[in-house]
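Descriptive analysis of the structure
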Amino acid sequence: MLNEQALASANQSSIQTLQRFNGFRAKRRTYLLALLPFIVLIITYELAPLMTMVIRSFLTPKTGEFTFANYAAIFQKKLYRDAVFNSLSLSLFSAGIGIVIAFFGAKAIYESTLKRRNTFMSILNMTSNFAGVPLAFSYIILLGNAGVLIHLGRHFGISFLENYNLYSFSGLVLVYVYFQIPLGTMLMVPAFQGLKQEWREAVSLLGGGSVRYWFKVGLPVLLPSLLGTFSVLFSNAVAAYATAYALLGGNFSLLPIRISEQFVGDVLQRKEFGSALAVMLMVLMVGVTILSNWLLKRAGHQRSTYGK
Amino acid sequence: MANRGKQKLNLTIMVLLSAYLILPLGLTFLYSLFQEWTSMLPTGFTLRYYVDLFQDPGFYLPILRTLIISTVPVLLCTAITILAMYVIVVHHPKWQKYMQIFCTIPYSLQGVILAISILALYSGLPLPFSDRIAMLVCTYCILILPYIYRGIQNSLNAINARQLIEAAMLLGYKPLAAYLRVVVPNLLSGITVSFLLSVSLLFGDFVVVNIIGGSYYPTAQMYLYKMMFRSGQQTSAMIVILFALTLLISAGVLVLQQRNKKSVAHKQEVADGFHTI
């Protein structure tokens, strides 16, 4: 009885509150002021710069007429064609190697005891902070011209180490893989938690071994996470700037470095061409994400038709 | 038997990966402690490089600049987003999806594109816009927006904000006061994690500060970059100090996360207790 009364009065009062709520809303719209700083920030520093950049990439310098010439120029000059090609292949290589290592790293974490898991996760967490200029420098003292491993190679006569050239494509891949591993592994760990022990048991009851389990159950279940993580790693590499800049300066043609050169140099600024390069970079990033979503849908479609 | 073999394999993988990841870091640390490393082993143990750094008056200013520029935008961005969320939570829950879109765009822009698009737009304009430091602060605000927004949204999901506000209004609060004095304090513990993550992200930034700040606002990362061409040992010492600072920030994140987990578990227990009654 008492409860019912309390409930009724509570209902009554919450209706009143709601009425006051709505009355307040109808009377004045001053509350919208709270949204103002956010809107100003988003428009001035997110949408306006982005839109002007896209528009600018289609304009002729000085005259301001519409053109595709900026995009054509990317593919006409070897320097910029190389930048696109190098960025694409560096990102594909480093993300590819990264995702394979991340898979085994996350698998090891998933199958290990809690204590080992925590230790390894702390190491990943810690080293994921090690990127950019500090990372490039520590690879220079490790494998640069007078690097510690180069000395070791000379001392023991390991010609592979002795003659290693860090300032090359393979050197960049090596350094990029370093920052892909912690990120990739930490992103893959939650996905492994979705694998159920029963599935493995079911496969072994049906006479399947570990290999069959991974190819028929494990990998297909993990596929969305693998593709998603791959595209994160790809974007991460394709837009990385600090590491390559500190390692090679302008001596290796990569998109982010060529882009910033068009805007930052005091001598010759080519904002229109730079904008086209930047849009190109965005297309690469979005392209890989769309591609991975498409692959996923196709795989999902196949699986669902198997079921039927 | 097979299981033990598998454990061994997993342990090997983890040990190898850990060694691979720690090698450059550990080496940089060793490198900063010795005068020379031109043969197999380093020679001449010294703490000179650290002493030199701490005695150099030019060392503190960049660090101070970094600390300022990695906290002010985070504070600003958090305040702006919390205010905006008031309108979403109390008045227009349906605008939530637009908010989410605008807050996740920067995530896919990454530092380079965001920095150059802002620089290209504002560097030619008159003063309040072309001021590099203001530009840097606002660029950072946008850069960390996805993380700050996620933090706030996740904490909002964990509490029933509308109910809390209705209750506070029954007690005579106006909606905004109810939001600021009842909902926001409940969000703080969840926001702190994303707050510190954003600080550590900005602390290590080189891309945006190199493009926009340039010589106008030389931070610790810029100082480090210039030092790279002078002395290897000195640079290593600087890297070790900066990395230690970053670890301090992320240790804070870890401690807070653990505490949050505990408090969530505690709340869960309390809620379960209610159900059983």
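Computed from a predicted model, the values in this text were never measured in an experiment.

Calculation notes
Residues numbered from 1 in each chain as written. Chains lettered and ligands numbered in written order. Predicted model: local features only at pLDDT ≥ 70, side-chain atom pairs only at ≥ 80, totals over all residues. Helix = DSSP H or I, 4+ residues; strand = E, 2+ residues; numbered from the N terminus. Buried ≥ 20, exposed ≤ 12 C-beta atoms within 10 Å, placed from the backbone. Contact = placed C-beta atoms within 7 Å. Domains from an automatic or database assignment. Nonpolar A, V, L, I, M, F, W, Y, C, P; charged D, E, K, R; others polar.

1. Focus on the overall build of chain A
Helix and strand content of chain A: 14 helices and 0 strands. Ordering the α and β elements of chain A from the N terminus gives α-α-α-α-α-α-α-α-α-α-α-α-α-α. When burial is assessed residue by residue, chain A has 36% of its 308 residues classed as buried. If you take every contact in chain A between residues at least 6 apart in sequence, the share linking residues at least 24 apart comes to 71%.

2. Looking at the domain arrangement of chain A
Residue and element names in this part refer to chain A. Annotation of chain A at the domain level lists domain 1 (33-67) and domain 2 (77-307). Domain 1 and domain 2 are separated by 31 Å when their C-alpha centres are compared. With 6 residues of domain 1 in contact, the opposing surface of domain 2 contributes 6 residues. Looking at the side of domain 1 that touches domain 2 residue by residue, the class counts come to 4 nonpolar, 1 polar and 1 charged.

3. Observations concerning unusual backbone geometry
Here Lys62 of chain A, not a glycine, exhibits a phi torsion of approximately 70°, which is positive. Here Lys62 of chain A lies in the loop between helix H2 (36-56) and helix H3 (69-76). According to the C-beta neighbour criterion, Lys62 of chain A is exposed, with 7 such atoms within 10 Å. Located in the positive-phi region is Gln110 of chain B, a residue other than glycine, with phi close to 60°. Structurally, Gln110 of chain B is set in helix H4 (residues 96-122). A residue is classified by how many C-beta atoms lie within 10 Å of it, and Gln110 of chain B, with 21 of them, is buried.

4. Brief notes about the interface of chain B and chain A
Counting residues at the interface gives 66 residues for chain B and 66 residues for chain A. Residues of the side of chain B that touches chain A, tallied by class, amount to 44 nonpolar, 20 polar and 2 charged.

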